[in-house]
Amino acid sequence: MMSKYLEKKVIVFFDGENNKEKDLMELEYYLTESDEFEPDEIESYNLEIDKQYGVEIVKIVNGTMIENKLIKNLTNCRDQALEVLKKLIYNTVTPMSMLPILDDLLGAL
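Residues numbered from 1 in each chain as written. Predicted model: local features only at pLDDT ≥ 70, side-chain atom pairs only at ≥ 80, totals over all residues. Heavy atoms only, no water.

Caption draft 1: Broad picture of the side chain of Ser-34. Mapped onto the elements, Ser-34 comes out in strand β2 (residues 22-35). Here Asn-73 takes part through its side chain, which lies 3.4 Å from a polar atom of the side chain of Ser-34. Beyond its immediate sequence surroundings of up to four residues, Ser-34 is in contact with Met-1, Met-2, Asp-50, Lys-51, Gln-52 and Asn-73. (Helix = DSSP H or I, 4+ residues; strand = E, 2+ residues; numbered from the N terminus. Polar contact = N/O pair within 3.5 Å; in protein donor to acceptor, adjacent residues only side chain to side chain. Contact = heavy atoms within 4.5 Å.)

Caption draft 2: Main features of helix α3 (residues 95-107). Between its first and last C-alpha, α3 extends 19 Å over 13 residues, near the 18 Å set by a 1.5 Å rise per residue. Along α3, the largest kink reaches about 30° and is centred on Ile-101. In this fold, the buried residues of α3 make contact with β2, β3 (51-61), β4 (64-75) and α2 (78-90). (Expected span 1.5 Å × (residues − 1). Bend = angle between axes of the 7 residues up to and from the residue.)

Caption draft 3: Region of interest: unusual backbone geometry. With phi around 50°, Asn-62 is a residue other than glycine that occupies positive phi space. One can find Asn-62 in the loop between β3 and β4. The partly exposed category is assigned to Asn-62, whose relative accessible area is 48%. The phi angle at Thr-92 is positive, at roughly 50°, despite the residue not being glycine. Judged by its relative accessible area of 32%, Thr-92 is partly exposed. (Buried < 20%, exposed > 50% of the residue type's maximum accessible area, 1.4 Å probe, protein only.)

Remember that the coordinates give geometry; whether it matters functionally is a separate question.
This is how it looks when you write it as C-alpha cells:
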C-alpha cells in the first residue's frame, strides 16, 4: 500500500505559446511511502514491515495535470528521501527531467 504526502507546491510563470501572455505551471512534489510487502503477505508470512520511500513530481499547467513521474522504493530511509526531494524542489525539477537528475544525485552519494 502506498501513501503520498505533498511536501511543496511551486508556481512558475512562463511565456505561453504565442509569447503574448504568461502561462502558469504548478509543480507538486510528493514524498511517497510504501510497505515492502502487501498487507496480506505480511500477515501470512509473519514478516516485519520495512517502509520504502520515493518521490513523485506532478506538473500542472493552467489547472490541468500534464505529466507526472513517480519513483518508488528510492530508499528505506525517510530522511534521505526528504533530502533528495528538497534538492529537487530547490532546483525546480520537472517530471521529464527527474530521472537523469536523480541518477546524478544518487551517483554522487
